[in-house]
Amino acid sequence: MSDVPDLEGLLRLPADQPVVMVNLMKFHPDGREHYSRYVAAATPHLQRVGATARYGGDFGASILGDAAWWDAVLLVEYPTPAAFVEMVSDPGYHDAHKLRNAALERHELIATTVWSPGT
């Protein structure tokens, strides 16, 4: 897995619709402390682009499949794909991102588009 985001792929998503980023995270032994510092540093950047953390939680149990590698999940909604790109491209965000990298042994960031069940 690459640590370089596929911003071009993200920008191929519908430009006028929200994107929900699914963060699957495995922490280093002292990673939760670093991640808490990342959240504090990143929050103003999220707010600036209109993003909202929708859900965060710890791994509970694998019911189907082999998803046991991750410790926690975080869902963050951005108003558009461009809002995410704007945030991660901001030089002011880069210091916060270093804290995230220090916290995580492994991570996956998945861009999802919104749909309604039954459609």
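See the structure above.
Note that this is a predicted model, so its numbers are computed, not measured.

A. Region of the structure containing the pairing of strand β1 (residues 19–27). Of all nine residues that make up β1, eight are buried, and the element is covered over most of its length. Summarising the sheet, β1 and strand β3 (residues 72–78) pair through seven bridges and their orientation is antiparallel. Residue Val22 lies in a different strand from β3, and its bridge partner there is Leu75. Across nine bridges, β1 lies against strand β4 (residues 104–113) in antiparallel orientation. Looking across to β4, one finds that Met25 is bridged to His107.

B. The sheet that holds β4, seen in detail. Taken in spatial order, the four strands of this open sheet run β2-β3-β1-β4, and their pairing is antiparallel. Only two strands of the sheet have a single partner each, and these edge strands are β2 (52–58) and β4. Sheet twist, expressed as the mean angle between neighbouring strand axes with direction ignored, is 15 degrees. Two elements, β2 and β3, share six bridges in a ladder whose sense is antiparallel. Across the sheet, residue Gly56 finds its bridge partner in β3, namely Leu74. Sheet strands in contact with helix α2 (residues 31–48) are β1, β2, β3 and β4, and its direction is about 160 degrees off that of β1.

C. Helix α3 (residues 81–89), seen in detail. Taken together, the buried positions of α3 are Pro81, Ala83, Phe84, Val85, Met87 and Val88. For α3, the secondary structure elements touched by its buried residues are α1 (7–11), β1, α2, β3, α4 (91–103) and β4.

D. Structural detail: the packing of α3 against α4. At a minimum axis distance of 6 Å, the contact between α3 and α4 shows a crossing angle of 80 degrees. Taken together, the axis directions place α3 and α4 in an arrangement best described as roughly perpendicular. Residues Met87, Val88 and Ser89 of α3 form the contact with α4, whose participating residues are Pro91, Tyr93 and His94. Here the residues of the contact of α3 with α4 sort into four nonpolar, two polar and no charged.

E. Representation of the packing of α2 against α4 in the model. Remark: α2 packs on α4, axes separated minimally by 7 Å, with the N-to-C direction vectors making an angle of 160 degrees. In terms of their interaxial angle, α2 and α4 are classed as roughly antiparallel. Relative to α4, the crossing made by α2 is left-handed. Only Gly92, Tyr93, Ala96, His97, Leu99, Arg100, Ala102 and Ala103 of α4 make contact with α2, whose side of the interface consists of Gly31, His34, Tyr35, Arg37, Tyr38, Ala41, Ala42 and His45. A class-by-class count of the residues in the contact of α2 with α4 yields nine nonpolar, five polar and two charged.

F. Spatial organisation of the pattern of salt bridges. Following the criterion strictly, the structure yields eight salt bridges and no others. In this structure, Arg48 and Glu86 form a salt bridge, with 2.9 Å as the shortest nitrogen-oxygen distance. Here Arg48, found in helix α2, pairs with Glu86, found in helix α3; they are 38 residues apart in sequence, far enough to count as distant. Residue Glu86 is classed as partly exposed on the basis of its relative accessible area, which comes to 44%. Ionic pairing is found between Lys98 and Asp95, a salt bridge with its closest N-O pair at 3.5 Å. You can see Lys98 and its partner Asp95 sitting in helix α4, three residues apart, about one turn around the helix. The burial state of Lys98 is the same as that of Asp95; both residues are exposed. Among the charged side chains, a network of salt bridges with common partners joins Arg48, Glu86 and Asp90.

Basis of the calculations
- Residues numbered from 1 in each chain as written.
- Predicted model: local features only at pLDDT ≥ 70, side-chain atom pairs only at ≥ 80, totals over all residues.
- Heavy atoms only, no water.
- Buried < 20%, exposed > 50% of the residue type's maximum accessible area, 1.4 Å probe, protein only.
- Helix = DSSP H or I, 4+ residues; strand = E, 2+ residues; numbered from the N terminus.
- Pairing = 2+ DSSP bridges.
- Axes fitted to C-alpha atoms, helices over the stretch in contact; angles between N-to-C directions.
- Contact = heavy atoms within 4.5 Å.
- Parallel < 35°, antiparallel > 145°, perpendicular 65-115°, else oblique.
- Nonpolar A, V, L, I, M, F, W, Y, C, P; charged D, E, K, R; others polar.
- Left-handed = near helix turned anticlockwise from the far one by under 90°.
- Salt bridge = Lys/Arg side-chain N within 4 Å of Asp/Glu carboxyl O.

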